[in-house]
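# Secondary and tertiary structure notes
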There are 2 protein chains.
Amino acid sequence: MATIRDVARLANVSVATVSRVLNGSSKVSEQSRRAVLIAQKELSFCLNANARALAHQDSEIIGATVPDLSDPYFGAMIRACERTAQLQGFTLLVLQGFHDPLREEKAIENLISHQCRGLIIHALSMKEQDLKAYMQRIPYMVLVNRELEGFKDRCISIDNEKGEYLAVKHLIEKGHKKIAYIGSSHKIHDAFERKAGFLKALHEAGLEADPKLILEDEPYLEGGAAATRLLLSRKVPFTAIACYNDNMAAGVMSEIFEAGLSIPDDVSVVGFDDLFLARCLNPKLTTIHHPVDEMGRDAVLLSTSIYNQSPEPFIPSTFEVNLVERKSVTHPKA
Amino acid sequence: MATIRDVARLANVSVATVSRVLNGSSKVSEQSRRAVLIAQKELSFCLNANARALAHQDSEIIGATVPDLSDPYFGAMIRACERTAQLQGFTLLVLQGFHDPLREEKAIENLISHQCRGLIIHALSMKEQDLKAYMQRIPYMVLVNRELEGFKDRCISIDNEKGEYLAVKHLIEKGHKKIAYIGSSHKIHDAFERKAGFLKALHEAGLEADPKLILEDEPYLEGGAAATRLLLSRKVPFTAIACYNDNMAAGVMSEIFEAGLSIPDDVSVVGFDDLFLARCLNPKLTTIHHPVDEMGRDAVLLSTSIYNQSPEPFIPSTFEVNLVERKSVTHPKA
DNA sequence: GACTATAATGTAAACGTTTACATTGTGATA
DNA sequence: TATCACAATGTAAACGTTTACATTATAGTC
């Protein structure tokens, strides 16, 4: 690999001049400028980002962790993060935690070691205490989809309880009384909040929550399917299912069909997240929308604004959840 | 941020000893070791990856570009890449090209500047010539899903033509004779190959390809839907649709239902890619499977093996495409 | 006690940039 | 002509590590 010194030699100028040309900083004569650019092309030269970060004391890297990039929900979020980072001239370094506290912690350490000048963390498995320590240590670390006592102003998340509440209220308004809930077995914040929203809506309508109609499984397609099989085997009548997320709803729908029932005529289904997937399902899924793109964008903006110690601090949008009515819900039969 | 010097001072040893402890290299007395570790914890110290890369002349970063992380196909691929990278002790730096040749090129430059020790490039929009220049310059750069003359041994891709051929042959074997093709309007390799596969299967069966039944649009849900509307408006009879990919198939299915037709009874549909999505659709989508995970894994393994100049070069698996029969295809009526 | 082999540690020179400061060259002004 | 202002450029010291080499301490051997 050629270095800046090689370019300087070839262009017959000093390294400082090369650096100035390549960074567009300070004044350089048109002649030197040209010579440097030619030498650069000749050598296919490219500044070394590591050396640059070291000298400059700024890595131009924003770090992010996310559980799993193959999940379109996180894909969409990261996409928004990278877009925003790129717009600010930064590069996004993404690591996956795979729902494992150890890997999540390793990922954060890794990002710190790269001297990230922004940190967006989506880590649901790590212990609160450990996460707090990092939040304390890195003032510009921002949390997504997790609320942490004492750091609310650096947590970007939606009102999960309200979301699920809206979903279930919608079912109740349609006339459903026997509503099942297929939740996530992950012991995290979102899971608790969404279940609370379900119970709240029931309670508010004076409906009893039947424990036999409340199940939990892994928050993926397969989990939704498995829970549905279990639910059907219990022979407890129900007319609607509220799901922890769209992925589970997809599994739920597939098993309902498998059982020879129809959606929404026999069973109404609501999801949560409003993934791309929701529009692909048939019938199209009624679900709770939340603005993933804006969350990703605001997380980056918030983190960098803290890092830069901007005079007027960045205030993230309030992320409204709302119901998107599609075709998977109708009135119960009879 | 504390530096290695601070740790050395606190632990009352030299920087070299700290470095040795933190890198697990060479022999260090248990006493020094302990002192260093304590000092490290005390200062929350973390080696600076940039300085490390500079001194060490090895960044421990593997770079990758992909068009768009919100697309589950790429998400799945990147996930496999990161897994493999992590297993080797490297960090994956992912950049998005957003189907834009300029951004793709910028992404590659960016990765080069970070001194990546492995390069996995999924860039379909860049001109062949420009890409070749990079391939020439970076011997360990590996291409995914794109074949480049003269660099076949560094291209990881599937046989698109064969895939589409299998899909269409399946339709023909079921008795279909009037088969529509909804392809991608992107002017890339995959698009041409898959269309060629479609034509080949038709030709082999002695069937005529009706130009009115061949459409193109953006390779996403919306594109599939738009093409289907156009197709239906043409009033040319058909009994099956072969799609460029699963995303388009989802749009196709949704419009077919919208038109009051049923799948597969009125229209059979085949996709391509076998995304997670294919199993979510109703009916579940018959499609062409290819091993995204293994491709991601092998891309990383190949790139690093070249970088390391391994004595015995890594030979990527041959990536077999095959038909996955689900529920979206049946015999044509009558 | 003198010597040697070896383990543990320290010293200082890289690595490839950026940038404060110093130097040079040029034209304008008095 | 001497002086000044200013633009263009160069010099060299950081930045935080790693690591070759040098040094010191320790134990074993004769």
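Residues numbered from 1 in each chain as written. Chains lettered and ligands numbered in written order. Predicted model: local features only at pLDDT ≥ 70, side-chain atom pairs only at ≥ 80, totals over all residues. Heavy atoms only, no water.

### What to know about the protein's contact with DNA strand C
Inclusion rule: When at least one non-hydrogen atom of a residue lies within 4 Å of a molecule or strand, that residue is treated as near it. We define a polar contact as two N or O atoms separated by no more than 3.5 Å, with the added condition that, inside protein, one atom must be a possible hydrogen donor and the other a possible acceptor, whereas residues neighbouring each other in sequence contribute only through side-chain atom pairs. By the criteria applied, helices consist of DSSP H or I runs no shorter than four residues and strands consist of E runs no shorter than two, each listed in order from the N terminus. Gly is put with the polar residues, along with every residue not named as nonpolar or charged; the nonpolar set is Ala, Val, Leu, Ile, Met, Phe, Trp, Tyr, Cys and Pro, and the charged set is Asp, Glu, Lys and Arg.
What surrounds DNA strand C is a group of 26 residues, the closest being Ile4, Arg5 and Ser19 of chain A together with Ser14 and Ser32 of chain B. Of everything in DNA strand C that lies within 4 Å of the protein, sugar and phosphate atoms constitute 66%. Ala55 of chain B is positioned with one of its backbone polar atoms (N or O) 3.3 Å from a base oxygen of DNA strand C. Measuring from a sugar or linking oxygen of DNA strand C, one finds a side-chain N or O atom of Gln57 of chain B at 3.5 Å. Looking at the surface near DNA strand C, the elements that each hand over two or more residues are helix 1 (4–11), helix 2 (15–23) and helix 4 (49–56) of chain A together with helix 2 (15–23) and helix 4 (49–56) of chain B. Counted by class, the surface near DNA strand C contains 12 nonpolar, 10 polar and 4 charged residues.

### Describing the domain arrangement of chain A
All names here are of chain A. Inclusion rule: Domain start and end points were adopted from an automatic or database domain assignment. By the convention used here, residues are in contact when the closest approach between their heavy atoms is within 4.5 Å. Note on terms: buried area is the combined drop in 1.4 Å-probe accessible area of two parts once they are placed together, counting the loss on both. Criterion for a salt bridge: a side-chain nitrogen of Lys or Arg within 4 Å of a carboxyl oxygen of Asp or Glu.
Split into domains, chain A comes out as domain 1 (4–47), domain 2 (56–157 + 292–318) and domain 3 (160–290). The centre of domain 2, based on its C-alpha atoms, is set 30 Å off from the matching centre of domain 3. Counting residues at the interface gives 9 residues for domain 2, matched by 9 residues for domain 3. For the domain 2 face of the interface with domain 3, the top three residues by lost area are Tyr73, His99 and Leu124, together amounting to 47%. Connecting domain 2 to domain 3 are 0 salt bridges. Our count for the domain 2 to domain 3 interface comes out at 2 residue pairs in polar contact (both at pLDDT 80 or more).

### So, the relation of the copies chain A and chain B
To keep it simple, the criterion reads: When the copies are superposed, the least-squares fit draws on C-alpha atoms of residues that have pLDDT of at least 70 in both.
Overlaying chain A on chain B yields an RMSD of 0.1 Å, the required transformation being a rotation through 180 degrees with an accompanying axial translation of 0.0 Å. Both copies of the chain, as the preceding transformation shows, are related through a two-fold rotation axis. Closest approach to the rotation axis within chain A is made by the C-alpha atom of Asn50 of chain A, at a distance of 2.3 Å. Comparing contact sets, 100% of the residues at the interface of chain A also lie at the interface in chain B, consistent with an isologous, same-surface contact.

### Considering the packing of helix 1 (residues 4–11) of chain B against helix 2 of chain B
To characterise two packed helices, one gives the angle between the axes of the helices and the distance between these axes. Residues and elements named next belong to chain B. Rule in force here: Think of each axis as a best-fit line through the C-alpha atoms, taken over the contacting stretch in the case of a helix, with angles from 0 to 180 degrees between the N-to-C directions. To sort the angles, those under 35 degrees are grouped as roughly parallel, those over 145 as roughly antiparallel, those from 65 to 115 as roughly perpendicular, and the leftovers as oblique.
The geometry of helix 1 relative to helix 2 is characterised by a closest axis approach of 8 Å and an angle of 105 degrees between their N-to-C directions. Between helix 1 and helix 2, the angle falls in the class roughly perpendicular. When helix 1 is examined against helix 2, the residues Ile4, Arg5, Val7 and Ala8 are found in contact with a partner set consisting of Val15, Val18 and Ser19. Of the residues that constitute the contact of helix 1 with helix 2, the class distribution is 5 nonpolar, 1 polar and 1 charged.

### What about the packing of helix 8 (residues 160–173) of chain A against helix 9 (residues 189–204) of chain A?
Residue and element names in this part refer to chain A. For the record, the criterion: Note on convention: the crossing is left-handed when the near helix lies turned anticlockwise from the far helix by less than a right angle, right-handed when the turn is clockwise.
Remark: helix 8 packs on helix 9, axes separated minimally by 7 Å, with the N-to-C direction vectors making an angle of 35 degrees. The two elements helix 8 and helix 9 meet at a crossing, and its hand is right-handed. The residues of helix 9 that touch helix 8, namely those facing Asn160, Glu161, Glu164, Tyr165, Val168, Lys169 and Ile172, are His189, Asp190, Glu193, Arg194, Ala196, Gly197, Phe198, Lys200, Ala201, Leu202 and Glu204. Of the residues contributing to the contact of helix 8 with helix 9, the split by class is 7 nonpolar, 3 polar and 8 charged.

### Brief notes about the nonpolar core
This is how the line gets drawn: To qualify as a nonpolar core, a set must consist of buried Ala, Val, Leu, Ile, Met, Phe, Trp, Tyr and Cys residues joined through side-chain atoms within 4.5 Å. Burial classes: relative accessible area under 20% of the type maximum marks a residue as buried, over 50% as exposed, and values in between as partly exposed (1.4 Å probe, protein chains only).
Ranked by internal contacts, the top residues of the largest apolar core, which has 147 residues, are Ile241 and Val269 of chain A together with Ile241 and Val269 of chain B. In this structure, Val269 of chain A is in contact with Ile241, Cys243, Ala249, Val252, Met253, Ile263, Leu285, Thr286, Ser328 and Val329 of chain A, ignoring residues within four places of it in sequence. Of all hydrophobic cores here, the second largest spans 46 residues; its members include Tyr140 of chain A together with Ala107, Met135 and Cys155 of chain B.

### Section: the interface of chain A and chain B
Contact with chain A, which involves 52 residues of that partner, is made by 52 residues of chain B. Both faces combined, the contact of chain A with chain B buries some 4800 Å², and carbon together with sulfur accounts for 57% of it. Linking chain A with chain B are 4 salt bridges. Among the ionic pairs, Arg79 of chain A bridges to Asp68 of chain B, the shortest N-O distance being 3.1 Å. Of all the secondary-structure elements, those providing two or more residues to the side of chain A that touches chain B are helix 4, helix 5 (72–87), strand 2 (91–96), helix 6 (101–113), helix 10 (221–233), helix 11 (246–258) and helix 12 (276–280) of chain A.

### Re the protein's contact with DNA strand D
The environment of DNA strand D is formed by 26 residues, the closest being Ser14 and Ser32 of chain A together with Ile4, Arg5 and Ser19 of chain B. The protein-proximal atoms of DNA strand D, defined as those within 4 Å of the protein, are 67% sugar or phosphate. Contact between DNA strand D and Thr17 of chain A: a phosphate oxygen at 2.9 Å from a side-chain N or O atom of the residue. With respect to DNA strand D, the backbone of Ala55 of chain A contributes an N or O atom lying 3.3 Å from a base oxygen. Those elements that provide at least two residues to the surface near DNA strand D are helix 2 and helix 4 of chain A together with helix 1, helix 2 and helix 4 of chain B. It is helix 4 of chain B that provides the largest number of residues to the surface near DNA strand D, a total of 4 residues.

### Overview of the layout of surface pockets
Put simply, the test is: A cavity here means a set of points on a 1 Å grid, drawn over the protein atoms and nothing else, where a 1.4 Å probe fits but cannot get out; a pocket is an open set with protein on both sides within 12 Å along at least five of seven lines, and a residue lines either one if it has an atom within 4 Å of a point. Grid points are joined across faces, edges and corners, and a volume is the space filled by probe spheres set on the points.
Considered as a void within the structure, the largest pocket measures approximately 1100 Å³ in volume. Considering the residues around the largest pocket, the lining is formed by 32 residues, among which Cys46 of chain A together with Lys106, Glu109, Asn110 and Ser113 of chain B are closest to the centre. Residue assignment for the lining of the largest pocket shows that the elements contributing at least two residues are helix 2, helix 3 (30–43), helix 4, helix 5 and strand 2 of chain A together with strand 2 (91–96) and helix 6 (101–113) of chain B. The biggest single contributor to the lining of the largest pocket is helix 6 of chain B, with 6 residues. Within the lining of the largest pocket, the residues separate by chemical class into 11 nonpolar, 12 polar and 9 charged. Along its surface, the second largest pocket is lined by 32 residues, and Lys106, Glu109, Asn110 and Ser113 of chain A together with Glu60 of chain B are the ones closest to its centre. When residues of the lining of the second largest pocket are traced back to their parent elements, those giving at least two are strand 2 and helix 6 of chain A together with helix 2, helix 3 (30–43), helix 4, helix 5 (72–87) and strand 2 of chain B. Of all the elements, helix 6 of chain A adds the most residues to the lining of the second largest pocket, at 8 residues.

### Notes on the packing of aromatic side chains
Keep this limit in mind: Aromatic pairs are defined between Phe, Tyr and Trp rings, using the six-membered ring for Trp, whenever the two ring centres lie within 6.5 Å; interplanar angles under 30 degrees are classed as stacked, those over 60 as edge-to-face, and all others as tilted. Lysine and arginine charges are scored as sitting over a ring when NZ or CZ, respectively, is within 6 Å of the ring centre and within 35 degrees of the ring normal.
What the rule picks out here adds up to 6 aromatic pairs over all chains. Arranged with centres 5.3 Å apart and planes meeting at 80 degrees, the rings of Tyr73 of chain A and Phe74 of chain A form a pair that is edge-to-face. Here Tyr73 of chain A matches Phe74 of chain A in class, with each residue buried. Look at Tyr181 of chain B and Phe198 of chain B: their rings are 4.9 Å apart centre to centre, the planes differ by 25 degrees, and that puts the pair in the stacked class. Of the two residues, Tyr181 of chain B sits in strand 6 (residues 179–184) while Phe198 of chain B sits in helix 9 (residues 189–204), which places them 17 residues apart along the sequence. Residue classification places Phe198 of chain B among the buried positions, given a relative accessible area of 1%. A cation over a ring is seen here: Arg194 of chain A above Phe272 of chain A, with NZ or CZ 3.7 Å from the ring centre.

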